[in-house]
Structure formats: C-alpha cells, structure tokens
Amino acid sequence: MDSDDPPLQTSIEALLRNTQTFLEARTAAVQECELPVIDLGILSRGSPDEVRRCKRDIALAASEWGFFQVVNHRVGGDLLSRMTSEQVKVFRQPFEKKSKESLSGFPIESYRWGTPTATSLYQFSWSEAYHVPLSETSRVRDTNSMLSTTMEEYARVVLEIAWVLVQVLVEDLGGDVSYFKRNCTSKTCYLRLNRYPLCPISSGGVFGLTPHTDSDFMTIVYQDHVGGLQLKKNGRWVTVKPNPEALVVNIGDLLEAWSNGLYKSVEHCVVANPNTERFSIAYFFCPSYDSVIESCTKPAIYRKFSFREFREKVQEDVRKTGTKVGLRRFLA
C-alpha cells in the first residue's frame, strides 16, 4: 500500500479468519437500483401543478425509500471539481502526518480510519475520513485558506438545498419549520470527507463503510462515478447506481423520530472496491446538542430525547457492542 494509506490491511488480517461465509454472502449478486430522481429546479420555475407534484414526490421518496437523488441542485461543476481536488490533496498526505498532526487545520480528532475497535469483519470499515464540525472552519482557514474557502462555499450551497428539502417535508406533515430554524444552523452541521482506498482482499465483499443509519435529520452526499453505495429496500440490499450529476439525499434518525416514523432512516453501507479508490463528501444536517427531538404527531412511536442524549447512547452502544442500536433505544 502507498504511504498515504492507513494500515487497513494489517488491521483486517486478524478479522479475516473464519469469515469466508460472510465474504461469500457479501459478494452474492445484489440488484442495482435507480433511486427516485427529484428535479429541484421545478420548485423555483415550475407551474403550480408541477411544484405540487415535485413536493409530493419528495415526501413520497422520503417515506417509501428514505433515499433519493436531486438534480438541478445549484452545486456547480466547478465547485464540485474544486472541492474534490482539495479533498484529494488532503488524503494524499502521508498517513503518519494525517494520524498525528492537526492537518490543514482540522481538529486532530476529526481524522478517522478503519475501525480500531472492530471484533469482526462486519464491524470493519475499509476507509479513511475527516469528520469536520463546520464550527471549526475558521481553524482550517488559518492553515489552508484554499481548502477552507472551498469547504465553506460548498457547505453554504448544500445547506440551502437542505433547507429547501426540510421545508417541503415539514410542510407535508403540517409541521412548524421554525423549530428547525431555531435548532439547526450552519455551525451545528458537519462535513465528512471520505476516501475508500482500493481493497486488495481477494475474496471481496469487504465494507468500505459498515451498515448503519445516520444520526442526523438529513444527509446530502456527493459521490464520484465509482459506486459502492448500497441500501436496504424491503429487507434486501440493493446497489445505488452512481450518478455524478446528482446529489444523494437520505433521511436520518432524527427526522424519522420527528415525523413519527413516516420518513424512513434506512440502513445503508459502502462496499469496498478491489480495483480503484472512491471519494465522497457527506453533509450532515444536524441540530445543536441540546435540541429536543419530539414527534410532530401523536401517539408518538418514540419518546422525546435530546440530540446529546441520542449521540451519547449511540457511542455507548458502539463502545460496548460494536454496533449502533439507534432509535430502538428510544421507543415510547
């Protein structure tokens, strides 16, 4: 492996013993699917009937799939190109530097690789990432102004998309969007830069990112042409056909709880690629830690809880069991 790669091979070797059944299950044929595609341009330039249909399609995708794609999203090709270029530069740094220094102004704890606590192959992620609180971009600016400027521009445009989608989904349920405006700001959200190195495990089927649901209201992802994203649909894993022109949107745990289970936070993963590396950028639309999440309708499936309590419980479960339990911990 190149010197910029984390020692994923060394870490996974101990987990490869007695896991052939798992690998064979993961390499079994998985159906490829096309996610619902939403043209966001319709919301600003469509006729009243077209706008109504577009809003209905957004709500339907959120409730039936928990995932959808958006096009005409106003994240220009130039911005995506610059964001990807800066992302690649960061990951091309030597692993020793990434893991031990505050690289490019990122908080040192923002760099993550593999799954050091994994006790089985099912828990191991063949990837590295920078998980950056957007409240920390000023630190990045002091060290790497080009990266900071590009991240801030990208985050600003994607936040606008998040607000458009959240407003549609909230209004569809007759909810109050002011709750989200009070609790979600540009400083409470996160940007995650992901790199999935090529995986030389001959058996294949290794996770680039293990199966999980997202612990936020909504995630908006730009993925390259390589593919590898899978989600569970009707109890079966399906592969999402990559579309570099679109952004992928998925509902998080908090929006499922707020919508009283109508909008679905769906389990998904990334499968490592044996031939080429993959990059993606995820924007997590989050509230402040002290925000209280409560169902917008009654009787509630989930009891009310704070975002801080939710995160602490997730971290505790992962630490103790290696697996996120999530919303099942908060059933009413």
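Model, not experiment: these values are computed from the prediction. (Residues numbered from 1 in each chain as written. Predicted model: local features only at pLDDT ≥ 70, side-chain atom pairs only at ≥ 80, totals over all residues. Heavy atoms only, no water.)

Glancing now at the pattern of salt bridges. Pairing is possible between side chains of opposite charge, provided their charged atoms come close. All chains considered together, the criterion is met by 22 salt bridges. A salt bridge links Arg92 to Glu277; the shortest N-O distance between them is 2.4 Å. With a gap of 185 residues between them, Arg92 in the loop between helix 5 (77-91) and helix 6 (95-100) and Glu277 in the loop between strand 12 (268-271) and strand 13 (278-285) connect regions that are remote in the sequence. The exposure class of Arg92 is partly exposed, given its relative accessible area of 37%. The shortest N-O distance in the salt bridge between Glu128 and Arg195 comes to 2.7 Å. One end of the pair, Glu128, is in strand 5 (residues 128-133); the other, Arg195, is in strand 6 (residues 190-196), and 67 residues separate them in sequence. Each member of the pair Glu128 and Arg195 is classed as buried. Connected via shared salt-bridge partners are Asp4, Asp5, Arg92, Lys98, Glu128, Arg195 and Glu277. (Salt bridge = Lys/Arg side-chain N within 4 Å of Asp/Glu carboxyl O. Helix = DSSP H or I, 4+ residues; strand = E, 2+ residues; numbered from the N terminus. Buried < 20%, exposed > 50% of the residue type's maximum accessible area, 1.4 Å probe, protein only.)

Turning to the sheet that holds strand 6, a few remarks are in order. One open sheet accounts for 8 strands, arranged 2-3-11-8-13-6-5-4; its pairing is mixed. Edge positions in the sheet fall to strand 2 (37-39) and strand 4 (111-113), since each has one partner strand and no second. The sheet shows a mean angle of 25 degrees between the axes of neighbouring strands, direction not considered. Taken together, the 6 bridges between strand 8 (residues 218-223) and strand 13 define a ladder with antiparallel strand orientation. Among the inter-strand pairings, Gln223 is bridged to a residue of strand 13, identified as Ser280. (Pairing = 2+ DSSP bridges. Axes fitted to C-alpha atoms, helices over the stretch in contact; angles between N-to-C directions.)

Attention now moves to the state of the cysteines. Under the criterion given, the structure shown has 0 disulfides. As a non-bridged cysteine, Cys54 has Cys33 as the owner of its nearest cysteine sulfur, 20 Å distant. For Cys54, a relative accessible area of 4% puts it in the buried group. Of the cysteine sulfurs around Cys296, a residue in no disulfide, the closest is that of Cys184, at 15 Å. (Disulfide = S-S within 2.5 Å.)

Interhelical geometry of helix 5 versus helix 8 (residues 145-172) gives an angle of 135 degrees and a closest axis separation of 10 Å. It follows from the interaxial angle that helix 5 and helix 8 lie oblique. Crossing geometry of helix 5 relative to helix 8 is assigned as left-handed. The residues of helix 8 that touch helix 5, namely those facing Leu79, Leu80, Arg82, Met83, Glu86 and Val90, are Met146, Leu147, Thr150, Met151, Glu153, Tyr154 and Val157. Residues of the contact of helix 5 with helix 8, tallied by class, amount to 9 nonpolar, 1 polar and 3 charged. (Parallel < 35°, antiparallel > 145°, perpendicular 65-115°, else oblique. Left-handed = near helix turned anticlockwise from the far one by under 90°. Contact = heavy atoms within 4.5 Å. Nonpolar A, V, L, I, M, F, W, Y, C, P; charged D, E, K, R; others polar.)

What follows concerns helix 5. Spanning 15 residues, helix 5 covers 21 Å between terminal C-alpha atoms, matching the ideal 21 Å at 1.5 Å per step. Burial in helix 5 covers these residues: Leu79, Leu80, Met83, Glu86, Gln87, Val90 and Phe91. Relative to the axis of helix 5, the buried residues are bounded by an arc of 135 degrees and lie together on one face. Facing away from the buried side of helix 5 by over 90 degrees, the exposed positions are Gly77 and Asp78. Tucked into the core, helix 5 has its buried residues touching helix 6, strand 5, helix 8, strand 6, strand 8 and strand 13. (Expected span 1.5 Å × (residues − 1). Arc of directions from axis to C-beta.)

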